[in-house]
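Here's the letter readout for the chains.
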Amino acid sequence: MTKVSSVIVPYASYLRVYEPLAAFPEPERGHWERYARRDDLPSYQEELRRSLADLAAVPPTPVPVHESGDAFVLETDGEVRVCPWRTRLRGWQALGGLAEEYPLPVLDALLPAVVRNETSRDYERWLAEHPDARPWIRTSTWQVPINWFVLFADEEREYAKGSAGEVPVLRYRTPMVQARRRVARGLRALREAVDESLLIDGLVDVGRWLEEFHPRSLVELDYGGLVHALPAGALEGDHSAADVGEGIAALRRGDEGGAADAYGRLVERWRAVRDLRSAN
C-alpha cells in the first residue's frame, strides 16, 4: 500500500512497462543492477513531488534539464525488472499535447509561450539525435483509457483497501506476451464489428508501443491518483477490465446487445470521475 503524502496527488493513471535487466545494454544495465539494490527506492509520489517542484519555480521548469536516473523496480519469480522514469522525455511529450487540453489564454498563464517554444526547440534537437526514444510510462489524467483495460484480465486485478496513514491501491499486472495477445484479439473483434473508431486507433497505438519492449517484460496499469477521484466504496467494486473483456467477447460472438451492456456499465462507473473533471 502507498502511504499518504503531503503532496496533492494529481488525478492521473499510469501504464508502465517493467523490462528485465537483460533488455538494457551496458553501461545502463550495470546502473540499474546497482540501483535495484537500493534500500530507499522512490515511489510514484516522489516522482510527482519532484515534477510539481519544477513547475512551481519562477520561471517554471516544464521539463527537467537532465534526464532522470531513477526507475520503479519489481522483483518477481527471481527476476529483477525496472521501469525507467525518463521524466525529461515524458515531459517533452506531454508539453506537445497541452494545446489540445487548454485554451491558449489558460496555457499562456500556465506556461508562457517563450518557455514552451524554447522547450520545444530543445526537444527537436534532442529527438534528432535519439529518433528511437520511447518512454516506459504512459500517463492519462482524469481517466483510464478504455484501450488500456484491453491488456488485462480481471484475475490480474490487485486491490488493497486503504487504512490509517495509507491510501488504496488498484492496479493490474500481466506478462508482456499476454498483453500483446489481448491487443491482437481485441483488434480483430473490433475491426470485424466496426469500420473505424477511436478505440481501434488507441489500441493500435498501444500495441505498437508494446512491441518496443522485451518479451519478458511486465505491463502494469496503476490507478495512481485516480483513487482519490472515485467515490468512496467504488474502488472495491471497480472491475473495468472485466467489463471491457466481456464487451470484446460479446463482439466476437456477434452479441451486440451484450457488448452494449458491458460498455454501459463502464460508462456509468466512470461518470462520477468525468463529472468531477468538468466541475474542476
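The rules behind each value
- Residues numbered from 1 in each chain as written.
- Predicted model: local features only at pLDDT ≥ 70, side-chain atom pairs only at ≥ 80, totals over all residues.
- Heavy atoms only, no water.
- Helix = DSSP H or I, 4+ residues; strand = E, 2+ residues; numbered from the N terminus.
- Rg over C-alpha atoms; globule rule 2.2 N^0.38 Å.
- Buried < 20%, exposed > 50% of the residue type's maximum accessible area, 1.4 Å probe, protein only.
- Areas by Shrake-Rupley, 256 points an atom, 1.4 Å probe, with all protein chains shown as cover.
- Lys, Arg positive; Asp, Glu negative; His and termini not counted.
- Charge placed at Lys NZ, Arg CZ, Asp CG, Glu CD.
- Axes fitted to C-alpha atoms, helices over the stretch in contact; angles between N-to-C directions.
- Parallel < 35°, antiparallel > 145°, perpendicular 65-115°, else oblique.
- Left-handed = near helix turned anticlockwise from the far one by under 90°.
- Contact = heavy atoms within 4.5 Å.
- Nonpolar A, V, L, I, M, F, W, Y, C, P; charged D, E, K, R; others polar.
- Patch = residues over 30% accessible without salt bridge, like charges linked within 9 Å, V, L, I, M, F, W, Y side chains within 5 Å.
- Salt bridge = Lys/Arg side-chain N within 4 Å of Asp/Glu carboxyl O.
- Core = buried A, V, L, I, M, F, W, Y, C linked by side-chain atoms within 4.5 Å.
- Polar contact = N/O pair within 3.5 Å; in protein donor to acceptor, adjacent residues only side chain to side chain.
- pLDDT = per-residue confidence, 0-100.
- Expected span 1.5 Å × (residues − 1).
- Arc of directions from axis to C-beta.
- Phe/Tyr/Trp six-rings, centres within 6.5 Å; stacked < 30°, edge-to-face > 60°.
- Lys NZ or Arg CZ within 6 Å of the ring centre and 35° of its normal.

Considering the overall build of the protein
A tally of helices and strands in the protein yields 11 helices and nine strands. In summary, the protein has a C-alpha radius of gyration of 20 Å against a globular reference of 19 Å for 280 residues, a match within 12%. If you line up the protein on its principal axes, its C-alpha atoms span 55 × 50 × 45 Å. A buried classification covers 43% of the 280 residues belonging to the protein. Surface summary for the protein: the accessible area is close to 15,100 Å², and the carbon and sulfur share equals 51%. Averaged over its 36 positive side-chain charges, the protein has a centre that lies 2 Å from the centre of its 45 negative ones.

Topic: the packing of helix α8 (residues 176-193) against helix α9 (residues 198-210)
Contact geometry of α8 with α9 gives a least axis separation of 10 Å together with a crossing angle of 155°. As summarised for this structure, α8 and α9 are arranged roughly antiparallel, according to the angle between their axes. Crossing angle aside, the handedness with which α8 passes α9 is left-handed. For the pair α8 and α9, the contacting residues are M176, A179, R180, V183, G186, L187, L190 and R191 in the first and L199, I200, L203, V204, G207 and L210 in the second. In terms of residue class, the contact of α8 with α9 is made up of 10 nonpolar, two polar and two charged.

Concerning the packing of helix α3 (residues 87-96) against helix α6 (residues 113-129)
Direction vectors running N to C along α3 and α6 enclose 125°, while the axes themselves pass 10 Å from each other. Between α3 and α6, the angle is such that the two are oblique. Between α3 and α6 the crossing geometry is left-handed. Each of R88, L89, W92, Q93 and L95 in α3 lies in contact with α6, whose residues at this interface are R116, T119, D122, Y123 and W126.

Considerations on a nonpolar patch on the surface
Side chains of Y102, V106 and L110 sit close together on the surface and give an oily, nonpolar patch of about 260 Å² of accessible area. In this structure, V106 sits in helix α5 (residues 104-110).

Observations regarding the nonpolar core
Judged by nonpolar contacts, the single largest core of 56 residues is most densely connected at L15, F149, L151, L210, L221, Y223 and W270. Once residues within four sequence positions are removed from consideration, L151 is found in contact with L15, E156, T174, A179, R182, V183, V206, L210 and V219. With five residues, the next largest nonpolar core counts V63, L89, W92 and W126 among its residues.

Some points on the side chain of D70
When you line up the elements, D70 lands in the loop between α2 (44-55) and β3 (71-76). Within the local environment of D70, its side chain forms a polar contact with the side chain of Y35, the two groups lying 2.8 Å apart. Excluding residues within four positions of it along the chain, D70 makes contact with W32, Y35, R38, P42, R50, P84 and W85.

Some thoughts on the confidence of the model for the protein
For the protein, per-residue confidence averages 87 on the pLDDT scale, and residues scoring 70 or more make up 91% of the total. By mean pLDDT, the top-scoring element of the protein is strand β9 (residues 218-222) (98), and the lowest-scoring one is strand β1 (residues 2-3) (44). Here residues 1-8 is modelled with pLDDT under 50, and outside its nearest four sequence neighbours on either side it reaches 24 contacts, counting other chains as well.

Brief notes about α6
Its 17 residues place the ends of α6 25 Å apart at the C-alpha level, agreeing with the 24 Å of an ideal helix rising 1.5 Å per residue. Buried within α6 are the following residues: V115, R116, T119, Y123 and W126. Summarising the axial view, the buried residues of α6 lie within an arc of 95°, below the 170-degree limit, and thus occupy one face. Exposed and facing more than 90 degrees away from the buried side of α6 are V114, E124, R125 and A128. The elements touched by buried residues of α6 are α3 and α5.

Some points on the packing of aromatic side chains
All chains considered together, the criterion is met by 14 aromatic pairs. Measuring from centroid to centroid gives 5.5 Å for W32 and Y35, while their planes differ by 90°, and the two rings are edge-to-face. With a gap of three residues between them, W32 and Y35 both fall in helix α1 (residues 28-36), about one helical turn apart. Each of the two residues, W32 as well as Y35, counts as buried. With a centroid separation of 6.4 Å and an interplanar angle of 80°, the aromatic rings of F149 and Y172 are classed as edge-to-face. Here F149, found in helix α7 (residues 146-149), pairs with Y172, found in strand β8 (residues 169-175); they are 23 residues apart in sequence, far enough to count as distant. Exposure class is identical for F149 and Y172. Each is buried. Cation over ring: R16 sits above F72, and NZ or CZ is 4.7 Å from the ring centre.

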